[in-house]
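# Observations on the three-dimensional arrangement
So you can see what is in the structure, the chains are spelled out below.
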Amino acid sequence: MSTTVTLIYGDGIGKEVVGATRKIIDATGVDINWEVCEAGAEVFKRGIASGVPEETLDSIKRTRLVLKGPLETPVGFGEKSANVTLRKLFETYANIRPVREFPGIDTPYKGRNIDIMIVRENVEDLYAGIEHMQTPGVAQTLKLITRKGCEKICTFAFEVALAEGRKTVHCATKANIMKFSEGMMKRAFEDVAKKYPSIEAKHIIVDNCAHQMVRTPEAFDVIVTTNMNGDILSDLGSGLVGGLGFAPGANLGTGIAMFEAVHGSAPLFAGKNVINPIAVLLSGVMMLRHIGEFEAAQTIEQAVLATLEDGVYTEDVRKDAGAVSTTDFTDAIIERFGRTSDAWPKRDYKKIKLPELSNERAYVKTKIRKTVGLDVFLETTQDVDKLGADLEGIVADMPLHLKMIGSRGVKVFPSVGGL
Ligand code: NAP
């Protein structure tokens, strides 16, 4: 039976890398009906503020399956990102990015067998984009983390581990400093881990995680983390294995899956037929596994490895005249269908079981609710002791008292020990 996929070529190098991917997937004989749709720069130019036209949204609502190229975000105030529109609209709460060593690609980590899956929460955290100015010189961004969001992404990470036969899940947070928000992720992780006794669960502070990823990346298997931590760690991961040309990814939600490379539209290389299609191609391989086409996925993955082992490289890897064009590289992969490689351990892949979502509202019942205080933001040049005394005077007849005045989290009134 044919599977319909919404195909978005996107901007810049998109046409070349997505075109190469389509050609290679078609060459496996998998029955895919590509529904080609638009999004990105040209759509913005037509005055559609989201960068995604209705026809594309309708297609995704029908197919629930997307392979997309990079979309440019116009630079300037008030413009939305078409990528963020898609992620938010379809609530793709999980971003997964495999980080694996490729044969023949020279990096300081050659031979270390890096093989990490980074699972990044994709819709919460600082990326909710809720910001305001507390005072004209002080900006505030809200870091929103929900218990339900944490449970979903942690469950998802353990399911990824099961689907890929992996042994350990690390949860990377900054719970030592942000005890409520990042702490919620840590606590949810520890609770969810109890349901997966066959997988080792470890918590790690995120800065140490970055450090350990550079020192001993081979020690990691699956890493689950909050949105911004994941954004940074996954780019670090791409850097370990040869750069953006080798970094595939997927954005998954309940009944929706969008597959795309980590890289952008690389406008300087657009139309030159030189760019590396591996990142989008391996995103396509993730899509094939998602729809249960394990054999085709394996054929492509092994052919990519064999191509690299034969020393066939695009310009980003090989800097001399021996580099091949994107189209020749595409054909070289297809020519190697049926070849196998020992570069990566063979995994018995299964479909990732997405967490079941209950229809109940995300309502956390608490035993006690009480008002513990009120924050007021003040802009003043007044001396802090004078300000404190004035405020104490103002609230003297109210059922309130002044607990403290803080400046960027540091208590400045009442002063401690004369400091
Ligand atoms: P970029 O497009 O990822 O390009 C940065 C650099 O990475 C490129 O100059 C390129 O060469 C290297 N690179 C990227 N893709 C490569 C590939 N397939 N093969 C080999 N090398 C590759 O990042 P950017 O220049 O910051 O962003 C350009 C536009 O893309 C922006 O409008 C941005 O908003 C958008 N963007 C979209 C997405 C998305 O749709 N998911 C993601 C990121 C950015 P060198 O390493 O040789 O410099």
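How each quantity is defined
- Residue positions are counted from 1 within each chain, in the order its sequence is given.
- This being a predicted model, a pLDDT of at least 70 is required before a residue's local features are given, and a value of 80 or more before pairs of side-chain atoms are given or counted; all residues contribute to the totals for chains, interfaces and linings.
- Heavy atoms throughout the structure, all of them, feed into the side-chain values; hydrogens and water do not.
- If DSSP finds at least two bridges between two strands, the strands pair.
- Numbering of helices and strands runs from the N terminus; a helix is a DSSP stretch of H or I covering at least four residues, while a strand is a stretch of E covering at least two.
- Here, axes are lines fitted to C-alpha atoms. For helices the fit covers the stretch in contact, and angles between N-to-C directions go from 0 to 180 degrees.
- Any two residues whose heavy atoms approach within 4.5 Å are treated as being in contact.
- Every helix has an expected span of 1.5 Å times one less than the residues it contains.
- Three labels apply to residues, based on accessible area from a 1.4 Å probe with only protein chains included: buried if under 20% of the type maximum, exposed if over 50%, partly exposed otherwise in between.
- Being near a molecule or strand, for a residue, means having at least one of its heavy atoms within 4 Å of it.
- Definition of a polar contact: a pair of N or O atoms within 3.5 Å, with one able to donate and the other able to accept a hydrogen when the atoms are protein atoms, and with sequence-neighbouring residues admitted only if both atoms are side-chain atoms.
- Every angle not falling under 35 degrees, over 145, or within 65 to 115 is termed oblique; those three ranges are roughly parallel, roughly antiparallel and roughly perpendicular.
- Helix crossings are classified by the rotation of the near helix relative to the far one: an anticlockwise turn of less than a right angle makes the crossing left-handed, while a clockwise turn makes it right-handed.
- Residues were grouped as follows: Ala, Val, Leu, Ile, Met, Phe, Trp, Tyr, Cys and Pro as nonpolar; Asp, Glu, Lys and Arg as charged; and all remaining residues, including Gly, as polar.
- Any Phe, Tyr or Trp ring, taking Trp's six-membered ring, that has another such ring centre within 6.5 Å forms a pair; planes under 30 degrees apart are called stacked, those over 60 apart edge-to-face, and the others tilted.
- The definition used for a disulfide is geometric: two cysteine sulfur atoms within 2.5 Å.

## Brief notes about the sheet that holds strand β2 (residues 32–37)
- With mixed pairing, 10 strands are arranged side by side in an open sheet as β2-β1-β3-β12-β11-β4-β5-β10-β8-β9. For this open sheet the edge positions go to β2 and β9 (200–205), each flanked by a neighbour on one side alone. Adjacent strand axes in the sheet meet at a mean angle of 25°, parallel and antiparallel pairs treated alike.
- Inspection of the sheet shows strand β11 (residues 250–253) paired to strand β12 (residues 256–259) by four bridges, in the antiparallel sense. Within β12, the position partnered with G253 by the bridge is I256.
- Packing of helix α1 (residues 14–27) onto the sheet brings it into contact with β1 (3–8), β2 and β3 (65–68), and relative to β2 it is tilted by some 165°.

## Observations concerning helix α10 (residues 294–309)
- Between its terminal C-alpha atoms α10 stretches 22 Å, which fits the 22 Å expected from 16 residues at 1.5 Å a residue.
- Residues of α10 that are buried: A296, A297, I300, E301, Q302, A303, V304, L305, A306, T307 and L308.
- Residues of α10 that are buried sit in contact with α1, β4 (94–100), α9 (278–290) and α11 (326–335).
- Downstream of α10 by one or two residues, G311 has phi in the positive range, about 80°.

## Observations regarding the pairing of strand β14 (residues 410–413)
- As paired strands, strand β13 (residues 405–407) and β14 are joined by three bridges and run antiparallel to one another. By the bridge assignment for β14, S407 is matched with V410.
- Joining the antiparallel neighbours β13 and β14 is a turn of two residues, in which R408 adopts a positive phi near 50°.

## Here's the deal with the site of the ligand
- Close contacts around the ligand come from 20 residues, with L71, N83, G264, A266 and N276 the closest.
- Between the ligand and S265, the relevant distance is 3.0 Å, taken from an oxygen atom to a main-chain nitrogen or oxygen of the residue.
- Contact distances for the ligand include 2.9 Å between a nitrogen atom and a backbone N or O atom of N276.

## Section: the packing of helix α5 (residues 147–163) against helix α6 (residues 181–193)
- Between α5 and α6, the shortest axis-to-axis distance is 9 Å and the interhelical angle comes to 45°. In this view, α5 runs oblique relative to α6, as classed from their interaxial angle. Pair α5 / α6 crosses with right-handed handedness. Touching R147, C150, E151, I153, C154, T155 and F158 of α5 are M184, M185, R187, A188, F189, D191, V192 and A193, all from α6.
- Broken down by class, the residue content of the contact of α5 with α6 amounts to 10 nonpolar, one polar and four charged.

## Digging into the environment of K386
- Position of K386 relative to the elements: it lies in helix α12 (residues 384–395).
- For K386, a relative accessible area of 45% corresponds to the partly exposed category.
- Sequence separation between K386 and P70 is 316 residues, and the spatial gap between their C-alpha atoms is 55 Å.

## Digging into the environment of V18
- By the secondary structure assignment, V18 is in helix α1.
- Put simply, V18 and F259 are 241 residues apart on the chain and 11 Å apart in space, counted from C-alpha to C-alpha.
- Beyond its immediate sequence surroundings of up to four residues, V18 is in contact with L7, I8, Y9, K68, G69 and V280.

## A word on the packing of helix α7 (residues 206–215) against helix α8 (residues 227–240)
- The N-to-C vectors of α7 and α8 enclose an angle of 5°; their axes lie 10 Å apart at closest approach. The angle between the axes of α7 and α8 places the two elements in the roughly parallel class. Contacts between α7 and α8 involve V206, C209, A210, M213 and V214 from the first element and N229, L233, L236, G237 and L240 from the second.

## Digging into the packing of aromatic side chains
- The final tally for this structure, using the stated rule, is five aromatic pairs.
- Note on F102 and W344: the rings are 5.3 Å apart at their centroids and 65° apart in plane angle, and the pair reads as edge-to-face. Taken together, the residues F102 in the loop between β4 and β5 (115–121) and W344 in the loop between α11 and α12 connect sequence positions 242 residues apart. For the pair shown, F102 and W344 are each scored as buried.
- Seen from their ring centres, F158 and F189 are 5.5 Å apart, and the 20° between their planes marks the pair as stacked. Of this pair, F158 sits in helix α5 while F189 sits in helix α6, and the two are 31 residues apart along the sequence.

## Concerning the state of the cysteines
- Taken as a whole and judged by the stated rule, the model has zero disulfides.
- Cysteine C150 shares no disulfide, and the gap to the nearest cysteine sulfur, in C154, comes to 6.3 Å.
- The exposure class of C150 is buried, given its relative accessible area of 2%.
- Lacking any disulfide linkage, C209 is separated from the closest cysteine sulfur, that of C171, by 9.5 Å.

## Here's the deal with the pairing of strand β6 (residues 131–135)
- Bridging between β6 and strand β7 (residues 138–141) involves four bridges; their strand directions are antiparallel. Following the sheet pairing, H132 is matched in β7 by Q140.
- Once β6 ends, the chain turns through two residues before running back antiparallel as β7.

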